[in-house]
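# Descriptive analysis of the structure
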Amino acid sequence: MHRGVRWVIAIAGVGVSLSLAALLRRHLAHAPRAMVATAPVSDAGSTDAGPMPVEDPEDPRTLEPSRVGRVHVRTHDSWGLVAVPGITVAVVSEGRPRRLHPEQLKTDAQGMATFAKVRAGRFTVCAKGPRHLETCRMNLELAAEGSHTVGLSMTERPTAAGR
């Protein structure tokens, strides 16, 4: 592949990532959603610069088991050694249109959040905390009646302490 083409692809990838982050920030700025289940969550966005995720008129929590799977999210420090509790996690199904999962969860004391019913297919998981930068994992695959575990490394926001 020609070097110039690789640069164009790389720059397009950065643009998509920045668009996703902006989309998630905008979504997180709105009123918080009701907490559901046992763990806390954050916002999620899409994997490309396409249209914003829409509310899912067909709630995946009501779909038959042959169309959904389970997603486990574990948040940890940047070294992967210490669980980070209290992080908001969100899931977006990447079909057309993108569908924002109806529940956002917060991670528990062990840094875990579990989405019991997520639409099978490609999805994105994003997490953000009050003292942590937003982190996303994109283009993940979930099999129908399957399970997927996602580890997210959380980076603390820089502070003005020590200046």
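See the structure shown above.
Here goes a summary of the coordinates provided. (Residues numbered from 1 in each chain as written. Predicted model: local features only at pLDDT ≥ 70, side-chain atom pairs only at ≥ 80, totals over all residues. Heavy atoms only, no water.)

The next thing to look at is the overall build of the protein. In terms of regular secondary structure, the protein is built from one helix and nine strands. Counting all 163 residues of the protein, 37% fall into the buried class. Within the structure as shown, the protein displays about 9000 Å² of accessible surface, and the carbon and sulfur contribution to it stands at 59%. (Helix = DSSP H or I, 4+ residues; strand = E, 2+ residues; numbered from the N terminus. Buried < 20%, exposed > 50% of the residue type's maximum accessible area, 1.4 Å probe, protein only. Areas by Shrake-Rupley, 256 points an atom, 1.4 Å probe, with all protein chains shown as cover.)

Throughout the structure, instances matching the rule amount to one disulfide. Covalently, Cys126 is tied to Cys136 through a disulfide, its sulfur atoms 2.0 Å apart. The sign of the S-S torsion, about 110°, decides the handedness of the disulfide formed by Cys126 and Cys136: right-handed. Of this pair, Cys126 sits in strand 7 (residues 121-129) while Cys136 sits in strand 8 (residues 132-142), and the two are ten residues apart along the sequence. Since its relative accessible area comes to 26%, Cys136 is described here as partly exposed. (Disulfide = S-S within 2.5 Å.)

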